[in-house]
Amino acid sequence: AVVSTQSTGTKVKMQTFPEQYSKIWHTLRSTAQAEGIRGLYAGSFPAVLANVGESATAFLAYGRISIGMQYITGKSSHQELSLFSQAICGALSGCCASFVLTPTELVKCRLQTQHLTGSVKSGVPTTPFAMMVHI
């Protein structure tokens, strides 16, 4: 997550402000000049939290949903489930993981764009935890 933060931050800025950022290198250079190297890593901590939370939730949910699917289909183990049943388990676990991922992605995006929106000057929090409380 920390390695990919610059690319996701660049993507977020290009999507949010297309008239201001039309090219990748321009976005990276402008961000580094305006916000320093720290600006390139804005939203790193929420991104790591999002990845950990998403993975943990998806694995936990998949295991529990698989047990439920075994009960519904009358199978005694996960290996006996059909490919379709396993796909349903995966889709449902992905839905569960999105409940964890969406709020942390919002925090990450807000941290990555707050210098451009003027939120920093208006007193909006600049740390991940303060931003979560603010939202």
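Report follows, based on the coordinates. Quick caveat: nothing in here was measured; it's all calculated off a predicted structure.

## Considerations on the side chain of Thr10
Among the secondary structure elements, Thr10 is positioned in helix α1 (residues 5-16). Once residues within four sequence positions are removed from consideration, Thr10 is found in contact with Ile24, Thr27 and Leu28.

## Some thoughts on helix α2 (residues 24-35)
Between its first and last C-alpha, α2 extends 16 Å over 12 residues, near the 16 Å set by a 1.5 Å rise per residue. Within α2, burial applies to Thr27, Ser30, Thr31 and Glu35. Down the axis, α2 shows its buried residues gathered within 100° of arc, on one side only. Exposed residues pointing more than 90 degrees away from the buried face of α2 are listed as Trp25 and Gln33. Positive backbone phi, approximately 80°, marks Gly36, located one or two places after α2.

## Points about helix α4 (residues 44-73)
Helical geometry note: an α-helix holds 3.6 residues per turn, so side chains three or four residues apart project in the same direction. Here α4 is 30 residues long and its end C-alpha atoms lie 42 Å apart, about the 44 Å a rise of 1.5 Å per residue gives. All of the buried residues in α4 are Ser44, Pro46, Ala47, Ala50, Gly53, Ala61, Ile65, Ser66, Met69 and Gln70. Just past α4, the residue Gly74 takes up positive phi, approximately 75°.

## Things to note about the environment of Thr57
Turning to its location among the elements, Thr57 is positioned in helix α4. With 40 residues separating them in the primary sequence, Thr57 and Ala97 have C-alpha atoms 5.3 Å apart. Setting aside its immediate chain neighbours within four residues, Thr57 contacts Cys96, Ala97 and Val100. Of the polar contacts made by the side chain of Thr57, one reaches the backbone oxygen of Gly53; its length is 2.7 Å.

## Points about the pattern of salt bridges
Summed over the entire model, instances satisfying the criterion amount to one salt bridge. Taking the shortest distance from any N to any O, the salt bridge between Glu35 and Lys13 comes out at 3.1 Å. A residue pair is termed long-range when its members are at least 10 positions apart, and Glu35 in helix α2 and Lys13 in helix α1 qualify at 22 residues. You can call Glu35 buried: its relative accessible area is 15%.

What counts, and where the lines are drawn
- Residues numbered from 1 in each chain as written.
- Predicted model: local features only at pLDDT ≥ 70, side-chain atom pairs only at ≥ 80, totals over all residues.
- Heavy atoms only, no water.
- Helix = DSSP H or I, 4+ residues; strand = E, 2+ residues; numbered from the N terminus.
- Contact = heavy atoms within 4.5 Å.
- Expected span 1.5 Å × (residues − 1).
- Buried < 20%, exposed > 50% of the residue type's maximum accessible area, 1.4 Å probe, protein only.
- Arc of directions from axis to C-beta.
- Polar contact = N/O pair within 3.5 Å; in protein donor to acceptor, adjacent residues only side chain to side chain.
- Salt bridge = Lys/Arg side-chain N within 4 Å of Asp/Glu carboxyl O.

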